[in-house]
Amino acid sequence: MLITPVLLCGGSGTRLWPLSRKSYPKQFVPLVGEETLFQASARRLSGKTGDLSFAAPVVLTNSDFRFIVVEQLQAIGIDPGTIIIEPEGRNTAPAVLAAALCAYHEDKDAVLLIAPSDHVVPDAAAFQAAVARGLDAVAQGQLVTFGIMPTHAETAYGYLELANTPDENGSPVPLEQFVEKPDLPRATEMLAAGTFKWNAGIFLFRASEIIAAFKTHAPELIEPVTAAVETATADLGFLRLNPEPWGQAEDISIDYAVMEKATNLSVVPFDAAWSDLGGWDAVWRESEPDAQGVVTSGGATAIDCHNTLLRSDSDQLEVVGIGLDNIIAVAMNDAVLVADTSRAQDVKKAVSALKEKGAAQATTFPKDHRPWGWFESLVVGDRFQVKRIVVHPGASLSLQSHFHRSEHWIVVEGTASVTIDDTQQLVTENQSVYIPLGAVHRMENPGKVPMVLIEVQTGAYVGEDDIVRYEDIYARGQGAKG
């Protein structure tokens with residue numbers, strides 16, 4: 001049977017700050033292993049296994065992440081399918097309904113597998129086998145969810161209570177009820193009972209069945225989401241939902257809107273390893289600690305430490321821990337987190353505190369990813385800024401000008417094709433070029449390797465929103481990112 005994966009790709013992952021931030025959340029970061037969580041999720045839901053085969057994925061994301069999604073899928077050899085751009089986050093219920101409406105329009109019998117894009121499932125074959133076990137229930141009109149075997153009394157997850165004990169084959173079991181995140185005594189009781197599973201937020205159903213469920217249990221969402229889909233616009237291969245009706249849809253999860261009210265739910269037990277990486281303590285567990293319980297990555301060194309995570313995500317920062325016990329230390333160029341492992345879930349409180357004091361580190365990632373590549377600020381002063389800019393082979397920045405700054409570009413790797421007003425020239429390694437204030441200019445990489453340059457900006461204002469675009473191959477509008 002052909003299944004269309006629907007990858008939900010919009011969360012901010014504040015509990016994994018400073019590596020995960022609003023401008024570049026955890027699904028796009030290689031937290032465990034070489035691939036990002038998004039890439040691993042897409043790979044897990046691709047290809048063909050027995051009678052089970054996956055179509056190209058449908059991805060729901062926001063405008064800022066659309067080119068990152070394409071880039072990361074292409075990097076692992078997966079052809080991007082439909083990429084739906086949400087004008088604003090409205091939680092999972094509107095997102096799932098939009099995906100279902102799009103799929104149903106293409107195929108009245110479409111079967112969808114809804115999955116977050118930031119989970120860790122090491123055994124992809126076991127997960128695909130679990131999906132296959134749910135297909136008979138789907139054929140009978142059931143909405144199928146997947147229940148994860150609890151490994152400990154977890155208070156950060158919701159639970160699924162099964163109507164009876166699963167059989168040895170892991171066949172679908174009727175759902176008794178959803179259970180909200182419990183306190184520790186209740187979680188301990190549910191762990192001992194054997195009929196409770198963690199709620200992973202993964203679903204399998206026909207598009208027609210979930211649309212019917214919305215009409216029954218959340219009819220108020222049908223009109224605005226349908227209007228947003230029917231009046232969506234094509235944008236360089238993306239499907240951009242109409243923002244006006246979309247903004248009228250209630251901000252609500254699929255669990256609250258539909259699943260907790262539906263009577264045709266079945267649960268497929270999944271007993272293999274799984275994690276939503278909901279905090280640095282989860283990253284520590286999934287990173288295979290050594291005999292002393294220590295995990296190090298990047299430029300990190302542990303001396304006489306126990307049950308500790310040390311991580312450096314900067315080429316220029318060495319993190320050294322001595323005599324630490326139950327400590328998390330994560331360092332980046334612009335921010336460092338040090339916390340007791342037992343307080344891992346409180347990292348989001350730190351993000352809130354940073355927002356209140358106006359710290360850019362609360363939401364903004366050091367590297368600013370764009371469709372043509374990325375840049376990072378190396379030094380920022382009152383009237384100047386120094387950046388490192390990396391441009392992908394064949395990529396091009398927009399034709400643009402600035403009101404408040406001039407720029408000096410020094411190419412340090414590769415070759416740049418530079419347009420300044422009516423002139424165009426090639427600038428090679430160790431050569432530089434000056435762009436006067438107000439000049440209309442563009443930078444392109446005509447080569448087959450990434451091009452790297454150092455940009456020195458000077459002027460009264462060096463903010464990213466001081467930009468006027470005249471032409472842009474990525475069809476962005478005005479503003480910092482367009």
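Fair warning: this is a prediction, and the values are worked out from it, not measured in the lab.

Caption draft 1: Broad picture of the sheet that holds strand β24 (residues 405-413). Strands sit in the order β20-β21-β22-β29-β24-β27 across an open sheet of 6 strands; the sheet is antiparallel. Strands with a single pairing partner mark the edges of an open sheet, and in this sheet they are β20 (367-370) and β27 (432-435). Neighbouring strand axes in the sheet, compared pairwise and without regard to direction, differ in orientation by 20 degrees on average. Looking at chain direction, β24 and β27 are connected through 4 bridges and run antiparallel. Within β27, the residue paired with I410 across the bridge is S432.

Caption draft 2: Up close: the sheet that holds strand β14 (residues 294-297). Pairing is mixed across the open sheet formed by 4 strands, whose spatial order is β14-β16-β18-β19. The open sheet has two edge strands with one neighbour each: β14 and β19 (336-340). Taking each pair of neighbouring strands and ignoring which way they run, the sheet shows an average axis angle of 5 degrees. Sheet topology note: the strand β16 (residues 308-312)/strand β18 (residues 327-331) ladder contains 4 bridges and is parallel. Directly across from L309, in β18, lies its bridge partner I328.

Caption draft 3: Structural context of the packing of helix α3 (residues 92-106) against helix α7 (residues 207-217). The interhelical angle for the contact between α3 and α7, taken along N-to-C directions, is 135 degrees, at an axis separation of 9 Å. Judged by the inter-axis angle, α3 sits oblique to α7. When you trace α3 past α7, the crossing you get is left-handed. Of α7, the residues touching α3 (which contributes A93, V96, L97, A100, L101, A103 and Y104) are A207, S208, I210, I211 and F214. Per-class residue counts for the contact of α3 with α7 are 11 nonpolar, 1 polar and no charged.

Caption draft 4: Layout of the packing of helix α1 (residues 37-44) against helix α2 (residues 66-75). Across the interface, α1 lies against α2 with an axial gap of 10 Å and an inter-helix angle of 55 degrees. In terms of orientation, α1 lies oblique with respect to α2. By crossing handedness, the relation of α1 to α2 is classed as right-handed. Mapping the contact onto sequence places F38, Q39 and A42 in α1 and V69, Q72, L73 and A75 in α2. When grouped by side-chain class, the residues that make up the contact of α1 with α2 number 5 nonpolar, 2 polar and no charged.

Caption draft 5: Representation of the domain arrangement of the chain. Taken domain by domain, the chain comprises domain 1 (2-270), domain 2 (280-355) and domain 3 (367-471). Summarising the inter-unit geometry, the C-alpha centres of domain 1 and domain 3 are found 39 Å apart.

Caption draft 6: Focus on the UniProt feature "domain: Mannose-6-phosphate isomerase type II C-terminal" (unreviewed entry) in the chain. Per the UniProt record, "domain: Mannose-6-phosphate isomerase type II C-terminal" (unreviewed entry) is found at residues 361-472. The span residues 361-472 is 0% helical and 56% strand by assignment, and the distance between its end C-alpha atoms comes to 29 Å.

Caption draft 7: Summary view of empty space enclosed by the protein. Under the definition given, this model contains 3 cavities of 30 Å³ or more. Empty space within the largest cavity amounts to approximately 230 Å³. In this structure, the largest cavity is lined by 22 residues; those nearest its centre are W372, L397, Q400, E464 and I467. Within the residue set of the lining of the largest cavity, elements represented by two or more residues are β22 (384-391), β24, β28 (441-444) and β29 (451-459). In terms of residue class, the lining of the largest cavity is built from 8 nonpolar, 5 polar and 9 charged.

Caption draft 8: Focus on helix α12 (residues 347-356). Among the residues making up α12, those that are buried are V347, V351 and L354. All buried residues of α12 project into a common sector of 65 degrees when viewed along the axis, lining one side. Among the exposed residues of α12, those pointing more than 90 degrees away from its buried face are K349 and E356. Buried residues along α12 sit in contact with α11 (280-286) and β19.

Caption draft 9: The arrangement of the environment of Q72 in detail. Position of Q72 among the secondary structure elements: in helix α2. Separated by 338 residues in sequence, Q72 and I410 place their C-alpha atoms 28 Å apart. Beyond its immediate chain neighbours, meaning those up to four positions away, Q72 contacts Y24, Q27, F28, T36, F38 and Q39.

Caption draft 10: Up close: the state of the cysteines. Counted according to the given criterion, the structure contains 0 disulfides. Considering cysteine sulfurs only, C9 is the nearest to C102, which forms no disulfide, with 16 Å between them.

Caption draft 11: Here's a closer look at the pattern of salt bridges. Per the counting criterion, the structure on display carries 18 salt bridges. With a shortest N-O distance of 3.5 Å, D118 and K26 are connected by a salt bridge. Of this pair, D118 sits in the loop between β6 (111-116) and α4 (124-133) while K26 is found in the loop between β1 (2-8) and α1, placing the two residues 92 residues apart along the sequence. As far as the burial class goes, D118 and K26 line up, both buried.

Thresholds, definitions, all that
- Chains are numbered independently. Their residues run from 1 in the order of the written sequence.
- The predicted nature of this model means local features are confined to residues of pLDDT at least 70 and side-chain atom pairs, given and counted, to a pLDDT of 80 or more, with totals for whole chains, interfaces and linings taken over all residues.
- For side-chain calculations, the full set of non-hydrogen atoms in the structure is used, while hydrogens and water are omitted.
- Between any two strands, pairing holds if DSSP finds at least two bridges.
- Each helix is a run of DSSP H or I of at least 4 residues and each strand a run of E of at least 2, with the numbering of both proceeding from the N terminus.
- All axes are obtained by fitting lines to C-alpha atoms, using only the stretch in contact for helices, and the reported angles, taken between N-to-C directions, cover 0 to 180 degrees.
- Oblique is the label for any angle not covered by the other classes, which are roughly parallel (under 35 degrees), roughly antiparallel (over 145) and roughly perpendicular (65 to 115).
- A clockwise turn of the near helix away from the far one marks a right-handed crossing, whereas an anticlockwise turn of less than a right angle marks a left-handed crossing.
- Residues count as neighbours in contact if any of their non-hydrogen atoms are within 4.5 Å of one another.
- In this classification, the charged set is Asp, Glu, Lys and Arg, the nonpolar set is Ala, Val, Leu, Ile, Met, Phe, Trp, Tyr, Cys and Pro, and all remaining amino acids, among them Gly, are polar.
- The domain limits used here are those given by an automatic or database domain assignment.
- UniProt positions are given in the numbering used here, feature names are shortened, and annotations may be inferred rather than shown by experiment.
- Only protein atoms enter the 1 Å grid used here. Points where a 1.4 Å probe fits but cannot escape make up a cavity, open sets with protein on both sides within 12 Å along at least five of seven lines make up a pocket, and a residue lines them when an atom lies within 4 Å of a point.
- Grid points are joined across faces, edges and corners, and a volume is the space filled by probe spheres set on the points.
- Residue burial is assigned from relative accessible area. The probe radius is 1.4 Å, only protein chains are included, and a residue is buried under 20% of its type maximum, exposed over 50%, and partly exposed in between.
- The arc in question is the one traced by the directions running from the helix axis out to the C-beta atoms.
- Disulfide assignment relies on a single distance test, namely cysteine sulfur atoms paired within 2.5 Å.
- For this document, the term salt bridge refers to a Lys or Arg side-chain nitrogen within 4 Å of an Asp or Glu carboxyl oxygen.

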